[in-house]
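What follows is each chain in one-letter form.
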Amino acid sequence: MKLPSSVDQKLISKIVQSSFDGISENDAMMVAGRLDTVYVGMNKTKKSTEYQIATACNIPKIAVNKIFTRKNGFQADKLTLDLPSSKSVSYTVYSGSSIRASFPSEQIALLGRSVQDMVVTYHCIANQMNAVQDSPLDYNVYEWLSSGENEIRFFATRPQSFLTILTGANLNFKLLFVRGSMVTDPKHDNQYLMNLEFEFKNPAFVSMAKSAITLAFGLTDSSIVQETPTNVKVNRIKISKDQLYKLFVL
């Protein structure tokens, strides 16, 4: 998921606060206020949501030292990596009970369970070294998330689970993927207008799915457009920001 801070800073602060045990609401807002566009990988279960986050930011060292302390449950360790010149450089990795974090520069923040791997990737790119491994992110996912400057964008690689969470109904349509975008409703600041795109594995499910999606979202037939035998787009779904926070955070 891509989250521009200019679109919804409150959502970013909720993700920060949900990620770190012990961080206060004020500190989470302070961190969110210094983030630019946030890229988030999520693994959501019935009981919790795990995040993997990379973001451009402007977080001075003094702010990092204030938040990522032993008092707040973090331990600081060094990750030392070689440079092409045969020298080495060390990065600080902060480990808490729920997540790890690293700030390889004042312009980059990395958060997640596998933050060491992200630090290694950053190190290789920053020092023009060959990456340890290619990114597992599909090019189509990368292209989608890189577009739409002032939109929240997301791509569900496990679309069945995502659709169940979104609608509250167990809709089994044999989906290949679901992707979408959201912008703030210009008429109502407390809600978004969401567009969704469904790609089906089997065209036989499309007709039934269109009817079920219409009922699930309370739409009219004109809101749903079938682009190809396996592709359906749903436009301008109204979703409250509180509902979105529950979907992506809780």
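Residues numbered from 1 in each chain as written. Predicted model: local features only at pLDDT ≥ 70, side-chain atom pairs only at ≥ 80, totals over all residues. Heavy atoms only, no water.

Draft legend 1. Up close: the overall build of the chain. When its secondary structure is counted, the chain shows eight helices and twelve strands. Here the chain has a C-alpha radius of gyration of 20 Å; the compact-globule value for 250 residues is 18 Å, and the two agree. Projecting the C-alpha coordinates of the chain onto the three principal axes gives extents of approximately 60 × 40 × 30 Å. In the chain, which comprises 250 residues, the share counted as buried stands at 43%. Here the chain displays about 13900 Å² of accessible surface, and carbon together with sulfur accounts for 49% of that area. (Helix = DSSP H or I, 4+ residues; strand = E, 2+ residues; numbered from the N terminus. Rg over C-alpha atoms; globule rule 2.2 N^0.38 Å. Buried < 20%, exposed > 50% of the residue type's maximum accessible area, 1.4 Å probe, protein only. Areas by Shrake-Rupley, 256 points an atom, 1.4 Å probe, with all protein chains shown as cover.)

Draft legend 2. Broad picture of the confidence of the model for the chain. On average, the chain scores 84 in pLDDT, and the residues at 70 or more come to 91%. Mean pLDDT across the elements of the chain ranges from a minimum in helix H6 (residues 159–167), with 75, to a maximum in strand S4 (residues 75–82), with 94. (pLDDT = per-residue confidence, 0-100.)

Draft legend 3. Expanded view of the packing of aromatic side chains. Per the counting criterion, the structure on display carries eight aromatic pairs. Where Phe173 meets Phe200, the ring centres are 6.4 Å apart and the plane angle is 55°; that geometry is what we call tilted. Here Phe173, found in the loop between H6 and strand S9 (175–184), pairs with Phe200, found in strand S10 (residues 191–200); they are 27 residues apart in sequence, far enough to count as distant. Exposure remark for Phe173: the relative accessible area of 4% places this residue in the buried category. Of the aromatic side chains, those joined through ring pairs into one cluster are Phe68, Phe74, Tyr94 and Phe103. The ring of Trp144 has Arg153 sitting right over it, with the charged end atom 3.8 Å from the ring centre. Positioned over the ring face of Tyr192 is Lys241, at 5.2 Å from the centre of the ring. (Phe/Tyr/Trp six-rings, centres within 6.5 Å; stacked < 30°, edge-to-face > 60°. Lys NZ or Arg CZ within 6 Å of the ring centre and 35° of its normal.)

Draft legend 4. View of the pairing of strand S11 (residues 224–228). Examined bridge by bridge, S11 and strand S12 (residues 231–240) share four bridges and lie antiparallel to one another. The residue bridging Ile224 from the neighbouring strand is Val234, located in S12. As consecutive antiparallel partners, S11 and S12 are separated by two residues. (Pairing = 2+ DSSP bridges.)

Draft legend 5. Spatial organisation of the state of the cysteines. Tallying each qualifying case throughout the model produces zero disulfides. In this structure Cys57 is not part of a disulfide, and its nearest cysteine sulfur, from Cys124, lies 20 Å away. Judged by its relative accessible area of 10%, Cys57 is buried. (Disulfide = S-S within 2.5 Å.)

Draft legend 6. Helix H1 (residues 9–19), seen in detail. Here H1 has its buried residues at Leu11, Ile12, Ser13, Ile15, Val16 and Ser19. The opening residue of H1 is Asp8, an N-cap whose side-chain oxygen sits 3.2 Å from the backbone nitrogen of Lys10. (Polar contact = N/O pair within 3.5 Å; in protein donor to acceptor, adjacent residues only side chain to side chain.)

Draft legend 7. Highlighting the side chain of Asp8. On the secondary structure map, Asp8 appears in the loop between strand S1 (2–4) and H1. Within the buried set, Asp8 has no salt-bridge partner at all; the shortest N-O distance to an opposite charge, 4.6 Å, is to Lys241. Contact partners of Asp8, with chain neighbours within four places excluded, come to Ile152, Tyr192, Lys241 and Tyr245. (Lys, Arg positive; Asp, Glu negative; His and termini not counted. Salt bridge = Lys/Arg side-chain N within 4 Å of Asp/Glu carboxyl O. Contact = heavy atoms within 4.5 Å.)

Draft legend 8. Highlighting the pattern of salt bridges. All chains considered together, the criterion is met by three salt bridges. Across the salt bridge formed by Glu151 and Arg153, the nearest N and O atoms sit 2.8 Å from each other. For Glu151, a relative accessible area of 21% gives the class partly exposed. Across the pair Glu197 and Arg179 runs a salt bridge whose closest N-O atoms are separated by 2.8 Å. With Glu197 in strand S10 and Arg179 in strand S9, the pair connects residues that are 18 residues apart, well separated along the chain. Like Arg179, Glu197 is buried.

Draft legend 9. Looking closely at helix H2 (residues 25–33). Taken as a whole, H2 has its buried residues at Asp27, Ala28, Val31 and Ala32. The buried residues of H2 all sit within an arc of 140° when viewed along its axis, so they share a single face. In H2, the exposed residues that point more than 90 degrees away from the buried face are Glu25 and Asn26. (Arc of directions from axis to C-beta.)

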